[in-house]
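The chain contents come next:
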Amino acid sequence: MPNYDNLGEVFKNLRTNRHISLKQISNERVSAAQISRFERGESDISLEKFLIALSNMHIEVSEFMDAVNNYQRTEQIRFMSALIPLEYERNIAGFQKMQAEEAWEFSEHPDIYRHHLNVILLQSFICKCDATVPFPEEYIDEVTDYLFTTEEWNMYELILIGNLYLFIDIPLLHRMGQEILKRKDYYWEIGSHKNLVTITLLNIWETCLHRDALTVALFYMEKIEPLLNDETDLYKRTIYLFLSGLLHYKQGEKQSGIEEMKNAIQIFEWVGSENLANNYKKDFERFVR
């Protein structure tokens, strides 16, 4: 666990390592004396003054917290990182083991609701690996209550939606997508959030198409297109090409839709993304008859 009793010491280490004096980061809103007392652990400073001092040192809050954590990954980051190889291997037993651990943690620490949310998140991975396993309806209710009583949706909230979308009905999923779009300008300031937002919206668009909710699907097509202005982002732009082809096909523009989908699959094949190519081939064969 990080030691929050040494914030002043961490601050001083970062400042002195950069050869920055107290005078250089003080101004009319935060004095050198206030910063000095904070560094020595003699007094706290307000959040506003702390952020001003950090900004004057050109240090991001995330960088400061990395130092507080001794540059160790947080428990939640370790949890999320463990999901990646299990998903690739479709390792249901591994997900179940993690789920049991999170359930135990929640029973021991019921005030840390994140552990229960992790149980729900892991259930979504289990259900995606084995379609015969039902996803409990009450889990959707619990996640919905959590999301719409949480003022700011950050990376974890986006990950929840991005993995539970298969189990959420279209009206509720659309409501969540609209909430994400309302916060788009905030997310766009953070690179990792920006990427996750686009992927989540693509997932929502795709499931709308799979469920023939074409009016909602068209809404996301129009909202996502302006987000893909980086020509180097081949992965998301290729998915967009496939999904736009599927939408056109379902709208009756069969020939142009088929060509777009085939082109997207071809791109994945050209760049050696065989798994992606095969996945979208299955989608193509499922819908095009």
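Residues numbered from 1 in each chain as written. Predicted model: local features only at pLDDT ≥ 70, side-chain atom pairs only at ≥ 80, totals over all residues. Heavy atoms only, no water.

### Quick word on helix H15 (residues 234–250)
Its 17 residues give H15 an end-to-end C-alpha distance of 24 Å, which sits within 8% of 24 Å, the value for a rise of 1.5 Å per residue. For H15, a buried count of twelve out of 17 residues is recorded, marking the element as mostly surrounded by other parts of the structure. Where H15 is concerned, the buried positions are Lys-236, Thr-238, Ile-239, Tyr-240, Phe-242, Leu-243, Ser-244, Gly-245, Leu-246, Leu-247, His-248 and Tyr-249. Backbone geometry just after H15 places Gly-252 at a positive phi near 105°. (Helix = DSSP H or I, 4+ residues; strand = E, 2+ residues; numbered from the N terminus. Expected span 1.5 Å × (residues − 1). Buried < 20%, exposed > 50% of the residue type's maximum accessible area, 1.4 Å probe, protein only.)

### A few points about the nonpolar core
In terms of nonpolar packing, the biggest core is built from 71 residues, with Leu-83, Leu-201 and Trp-205 touching the most fellow members. With residues near it in sequence (within four places) discarded, Leu-201 still touches Gly-177, Ile-180, Leu-181, Tyr-220, Ile-224 and Leu-227. Counting 18 residues, the second-largest nonpolar core is a separate cluster that includes Val-10, Leu-14, Ile-35 and Phe-64. (Core = buried A, V, L, I, M, F, W, Y, C linked by side-chain atoms within 4.5 Å. Contact = heavy atoms within 4.5 Å.)

### Focus on the UniProt feature "domain: HTH cro/C1-type" (unreviewed entry) in the chain
Listed under "domain: HTH cro/C1-type" (unreviewed entry) in the UniProt record, and renumbered for this structure, are residues 11–64. End C-alpha atoms of residues 11–64 are separated by 8 Å, and the span's content is 61% helix alongside 0% strand. (UniProt positions renumbered as here; feature names shortened; annotations may be inferred.)

### Observations concerning helix H14 (residues 214–224)
Residues of H14 that are buried include every one of Val-216, Ala-217, Tyr-220, Met-221 and Ile-224, and no others. Seen along its axis, H14 keeps its buried residues to an arc of 145°; they face one direction. The outward face of H14, more than 90 degrees from its buried face, is lined by the exposed residues Thr-215 and Glu-222. (Arc of directions from axis to C-beta.)

### Details of the side chain of His-116
Along the chain, the position of His-116 falls in helix H8 (residues 114–129). The exposure class assigned to His-116 is buried, which follows from its relative accessible area of 15%. If we skip the residues at most four places from it in the chain, His-116 touches Phe-106, Tyr-139 and Glu-142.

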